[in-house]
Amino acid sequence: MPPLVFFLSSPYPLACFFVFLLLSASFALQPTLHTQILNCANGKAHACGSIRKLWWRTFCLKGFLELGPCCFDKLEAASLNPFDWKIQKGMLWPLLPRKFPYIPGTDISGEVMEVGKGVRKFKPGDKVVAVVNPFSGGGLAEFAVVKENITASRPSETSASECAGLPVAGLTALEAITKTIGIKLDGSGERKNILITAASGGVGHYAVQLAKLGNTHVTATCGARNIELVKSLGADEVIDYKTPDGAALKSPSGKKYDAVIHCAVGFPWSTFEPNLALNGKVVDITPSSASMLTFALKKLTFSKKQLVPLFLFPKGKDLQYLIDLVKEGKLKTVVDSKYPITMAEDAWGKSIDGHATGKIIIEF
Ligand SMILES: NC(=O)c1ccc[n+]([C@@H]2O[C@H](COP(=O)([O-])OP(=O)(O)OC[C@H]3O[C@@H](n4cnc5c(N)ncnc54)[C@H](OP(=O)(O)O)[C@@H]3O)[C@@H](O)[C@H]2O)c1
């Protein structure tokens, strides 16, 4: 059956129609979401945190220990991701936020105060790093409740701030490099040529370091001011994304890429296509409707060159793996800037600007 006929007779067109309806509703609701989340992030996160503190304390007394395998943590540091302000802008509605008030933030580092029923790996006083469930939110507050299975121990050799950068950005880089592309981090696999776009950003700077542990040849793109930094992280060749070659994603040495970890946004398939090796794969960590369509078309036409959308489902054991790499000195967090929680508004604005080099950290 011709691919177009197959596509039209499949459930895809109907699914696309529903996605279109949801997106339209989301745009209509954006101003409301923007205002309400801004109230929490806009310098009032601390106040929200205090309210939450009281609430959680009451909750603890009334039966937190019956809740299940969760830890109740006092925060020492948190980090921001574009995901946080995308919720604020209504870009993830109607999935997120579910209800108000919504305290943003997912990446946290802190100390366990209490543990719920069935928690085996942690006890009060343990230093931990965790991902807050985005459906409940709460990473920019003094206390948070996190599930045991997405919590990892933080050894004393590592700092709360550097580990707070790891959860979403580090796990996304790890997932892309190891699971989606199949690079073995002990360097035992076949040597691959990979391109990492936005290699100076939160995800990109971890991706470069992990890819080098896997003995790959890394081409990276970033702005001119960050070229030396990205080289120091291990990239073999670095291109300024504002030059014609950078915009065309061309390797200076003429290499074709076995895989691209696409951490920048935009770029049509036609930009990647000529730069890919025969079975090249583009891992798109910010999937748009256009890239979802490309993904479907490449699958339907059995194309050798593929686009793979990546959605992160964080796991505690992967987070522990990254923390252990930090402890061993094999992975580091480049810190763009640190802000006290009372200046969360400035940190938030910096993240929205989209020019962070590494991670933006908030300290409590
Ligand atoms: N799928 C998932 O689960 C998942 C998880 C994490 C992140 N993401 C998404 O991945 C994207 C990247 O996240 P992030 O945390 O790495 O963002 P980020 O830290 O805010 O990225 C900022 C960096 O990107 C650089 N940059 C921007 N445009 C570029 C371009 N065209 N070429 C090269 N570099 C460019 C900037 O350099 P200059 O300052 O020089 O412009 C800056 O250093 C976001 O859209 C985020 O939502 C998805």
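Look a little higher up for the structure.
Residues numbered from 1 in each chain as written. Predicted model: local features only at pLDDT ≥ 70, side-chain atom pairs only at ≥ 80, totals over all residues.

(A) Representation of helix α12 (residues 316-327). Helix length check: α12, at 12 residues, gives a terminal C-alpha distance of 16 Å against a target of 16 Å (1.5 Å per residue), a fit within 8%. Burial in α12 covers these residues: G316, D318, L319, L322, I323, L325 and V326. Buried positions along α12 lie against β3 (127-131), β5 (151-153), α5 (160-164) and α6 (166-180). Phi for G329, located one or two positions after α12, is positive at around 80°. (Helix = DSSP H or I, 4+ residues; strand = E, 2+ residues; numbered from the N terminus. Expected span 1.5 Å × (residues − 1). Buried ≥ 20, exposed ≤ 12 C-beta atoms within 10 Å, placed from the backbone. Contact = placed C-beta atoms within 7 Å.)

(B) Main features of the site of the ligand. In the neighbourhood of the ligand, 30 residues make up the surrounding shell, with G201, G202, G223, L312 and H355 lying closest. Only α4 (82-88), α6, α7 (202-213) and β7 (217-222) provide two or more residues apiece to the shell around the ligand. Here the residues of the shell around the ligand are counted per class, giving 16 nonpolar, 14 polar and no charged. When residues of the shell around the ligand are sorted by domain, at least three fall in each of domain 1 (24-161 + 336-363) and domain 2 (169-309). (Near = placed C-beta within 6 Å. Nonpolar A, V, L, I, M, F, W, Y, C, P; charged D, E, K, R; others polar. Domains from an automatic or database assignment.)

(C) Highlighting unusual backbone geometry. Cis geometry is adopted by the peptide bond preceding P97, which originates at L96 and carries an omega value of -5°. Here the residue pair F100 and P101 is connected by a cis peptide bond, since its omega of 0° sits within 30 degrees of zero. Assignment of secondary structure puts P101 in the loop between α4 and β2 (107-115). Phi angles above zero are rare outside glycine, and L249 is one such case at about 60°. Along the chain, L249 turns up in the loop between α9 (244-247) and β9 (257-262). Even without a glycine there, the phi angle at F267 is positive, about 75°. Residue classification places F267 among the partly exposed residues on the basis of 18 C-beta atoms within 10 Å.

(D) The environment of S159, seen in detail. Turning to its location among the elements, S159 is positioned in the loop between β5 and α5. Separated by 83 residues in the primary sequence, S159 and E76 place their C-alpha atoms 9.7 Å from one another.

(E) Expanded view of the environment of W348. Among the structural elements, W348 can be located in helix α13 (residues 344-353). A tally of 26 C-beta atoms within 10 Å means that W348 is categorised as buried. A sequence separation of 268 residues divides W348 from L80, and the C-alpha atoms of the two residues are 7.4 Å apart.

(F) Up close: the sheet that holds strand β6 (residues 193-197). Pairing is parallel across the open sheet formed by six strands, whose spatial order is β8-β7-β6-β9-β10-β11. Either end of the sheet is taken by a strand with one partner, and the two such strands are β8 (237-240) and β11 (306-309). On average, adjacent strands in this sheet sit at an angle of 15° to one another, irrespective of strand direction. Note that β9 and strand β10 (residues 276-284) share five bridges and pair parallel. Looking at β10, one finds that V260 is bridged to V282. Where helix α11 (residues 289-300) meets the sheet, it contacts β10 and β11, and its direction lies at approximately 130° from that of β11. (Pairing = 2+ DSSP bridges. Axes fitted to C-alpha atoms, helices over the stretch in contact; angles between N-to-C directions.)

(G) Focus on the nonpolar core. Counting 89 residues, the largest nonpolar core has I194, I196, A207 and V208 as the members making the most contacts within it. A total of eight residues in this core trace back to one element, the largest contributor, which is α6. Here this core spans two domains, since at least three of its residues come from each of domain 1 (24-161 + 336-363) and domain 2 (169-309). The residues contacting A207, other than those within four sequence positions of it, are A173, A176, I177, I196, I261 and C263. (Core = buried A, V, L, I, M, F, W, Y, C linked by C-beta atoms within 7 Å.)

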